[in-house]
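Here is what each chain is made of, one letter per residue.
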Amino acid sequence: MRLLFLLFLIWLPLVATAQPAPIDTTGGRYHRPVFGKVQVRHNVEFARVNTLLGLSQTLYADVYEPAGDTVRRRPLVVLAHEGGFLTGTRDDALMTELCTRLARLGYVAATIDYRLYFFPFDSVGIGRAAIRATQDMRAAVRFFRHDAATARRFRVHPQYVFVGGSSAGGFMALQTGYLNKASEVPAYLGLAELGGLEGTGGHQGYSSRPRGVLNLCGALAQARWLEPGDVPLFSAHGTRDGLVPFGRGEIGAQLPAQMVAGSGALSRRATAVGVPNVLRRLRGAGHVPYSFEPTYIDSVFAPMRDFLRPLLGSGAPGPLLAQALNPRRVAQIMAALPPRPVRLAVAGTDAWAIVPPQTLPLSADTSATEAAGPAE
């Protein structure tokens, strides 16, 4: 009996630490831009890798933090730019805007380099490029977790690391979150030769698993990579995207066609297997419309913000995700709601956009965008 009691005493603290400690979200933090200024650390080295040609490449991140913040452990969002795995830089206008907005809410946000270019210009070449880029995102996550365990230079909470990206960056974030078995990668891509799922970017032994995924106009090769127990998913996607399909369709106009599952198909799969998810449909919009029309940044960022905040709590899905998982309840509430006009805020102001009227009434301490309705 005494032995059982001693084992219980050892087991109890392990259970107590199994769930991540919630982050303090009071005072409007992570919901309102409570910080007037943002500081940026440019050219933070996070990995050294080999390029397509076998040459060494150093990867850098620009890290955005709320100026004057005194919180010791803060959530992190790692973002990757668009560009079809051929072009783009970490300091493009979209990444700069998103990171700045997140930092003003209280997050640490990082926009990262990743390896570009592929050859031959076919489905195999771009598939291998997507794997290399995903390895680089995983390396960035491991870097920040290593820092959290050692120097704590960025004061990141290692249990609250999110990944996201636009277009090619969205592919990377989705693969970081849901491509977690080597057996899921087609043999013709030569995963072992590329360095496996994790790659060789350093800080091995630290987890690259995110707490959630932010997908802007990205896709996965297989929707079935989403499985029960996977991390929550936020997607925003134009319903008339002619480059990366909103649902299931072909990608690669100048390459041999490959079928992929866009945000609509991923949302259906996530709902079917019980993965909390929210889909922000940009109705009638094409590919990455927020990169060309500033008002789209508001209509994407507001629900993204409201998706993230409940995930900083004790692990419950929160009102946004709970409503998304209960379409019948959503339909009942929507039927009782009167129509109301919606106005998008002008980008660059402190006023946040209201998402189009598929929203739900919430308690007084939450905003009108904290429920996005059922996912299609």
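These numbers were taken from a predicted model, which means no experiment stands behind them.

Novice: Account for the overall build of the protein chain, naming residues and giving values.
Specialist: Counting its regular elements, the protein chain contains 9 helices and 10 strands. Of all 376 residues assigned to the protein chain, the portion counted as buried reaches 53%. Put simply, 72% of the contacts in the protein chain that link residues at least 6 apart link residues at least 24 apart. Put simply, the protein chain shows about 16400 Å² of open surface, and 59% of that area lies on carbon and sulfur atoms.

Novice: Break down the pattern of salt bridges for me, citing the residues and quoting the values.
Specialist: Counted according to the given criterion, the structure contains 16 salt bridges. Glutamate 45 is the salt-bridge partner of arginine 48, the closest N and O atoms lying 2.7 Å from each other. By relative accessible area, arginine 48 is classed as exposed at 54%. Here arginine 305 makes a salt bridge to aspartate 306, at a shortest N to O gap of 2.8 Å. Classification of arginine 305 by relative accessible area gives buried; the value is 3%. Residue class for aspartate 306 comes out buried when judged on its relative accessible area of 0%. One network of salt bridges, with partners in common, ties together Arg29, Arg41, Glu65, Asp69 and Arg74.

Novice: Explain the sheet that holds strand E1 (residues 38-50) residue by residue, including any values.
Specialist: Here we have 8 strands laid out as an open sheet, ordered E1-E2-E4-E3-E5-E6-E7-E10, and mixed in their pairing. Each having just a single partner strand, E1 and strand E10 (277-282) make up the two edges of the open sheet. For this sheet, the mean inter-axis angle between neighbouring strands, taken without regard to orientation, is 20 degrees. Across 6 bridges, the pairing between strand E7 (residues 233-238) and E10 is parallel. Across the sheet, residue alanine 236 finds its bridge partner in E10, namely arginine 280. The sheet contacts of helix H4 (residues 168-178) involve strand E3 (74-80), strand E4 (108-112), strand E5 (156-166), strand E6 (212-216) and E7, and relative to E5 the element is tilted by about 140 degrees.

Novice: Could you give an account of the nonpolar core, with specific residues and numbers?
Specialist: Core analysis: the largest hydrophobic core is formed by 60 residues, its most contacted members being Phe46, Phe85, Ile112, Phe144 and Tyr178. Residues in contact with tyrosine 178, not counting those within four places in the same chain, are Glu184, Val213, Leu220, Trp225, Leu226, Asp230, Val231, Pro232 and Leu233. Judged by nonpolar contacts, the second largest core, of 34 residues, contains Leu79, Leu282, Met304 and Leu311.

Novice: Lay out helix H3 (residues 123-149) with the relevant residues and their values.
Specialist: Its 27 residues place the ends of H3 39 Å apart at the C-alpha level, agreeing with the 39 Å of an ideal helix rising 1.5 Å per residue. Of all 27 residues in H3, 23 are buried, a share of seventy percent or more.

Novice: Could you give an account of helix H2 (residues 93-105), naming the residues involved and the relevant values?
Specialist: If you check H2, its first and last C-alpha atoms are 19 Å apart, about what 13 residues at 1.5 Å a residue would give, namely 18 Å. When H2 is considered as a whole, its buried residues turn out to be Leu94, Met95, Leu98, Cys99, Arg101, Leu102, Ala103, Arg104 and Leu105. Following H2 by one or two positions, glycine 106 has its phi on the positive side, about 125 degrees.

Novice: Summarise the environment of glycine 238; cite the residues concerned and give the values.
Specialist: You can see glycine 238 is positioned in strand E7. With a relative accessible area of 0%, glycine 238 lands in the buried category. Sequence separation of glycine 238 and valine 288 is 50 residues, and the distance between their C-alpha atoms is 7.3 Å. Setting aside residues no more than four positions away along its own chain, glycine 238 makes contact with Cys217, Phe246, Leu282, Ala285 and Gly286.

About the criteria used
- Residues numbered from 1 in each chain as written.
- Predicted model: local features only at pLDDT ≥ 70, side-chain atom pairs only at ≥ 80, totals over all residues.
- Heavy atoms only, no water.
- Helix = DSSP H or I, 4+ residues; strand = E, 2+ residues; numbered from the N terminus.
- Buried < 20%, exposed > 50% of the residue type's maximum accessible area, 1.4 Å probe, protein only.
- Contact = heavy atoms within 4.5 Å.
- Areas by Shrake-Rupley, 256 points an atom, 1.4 Å probe, with all protein chains shown as cover.
- Salt bridge = Lys/Arg side-chain N within 4 Å of Asp/Glu carboxyl O.
- Pairing = 2+ DSSP bridges.
- Axes fitted to C-alpha atoms, helices over the stretch in contact; angles between N-to-C directions.
- Core = buried A, V, L, I, M, F, W, Y, C linked by side-chain atoms within 4.5 Å.
- Expected span 1.5 Å × (residues − 1).

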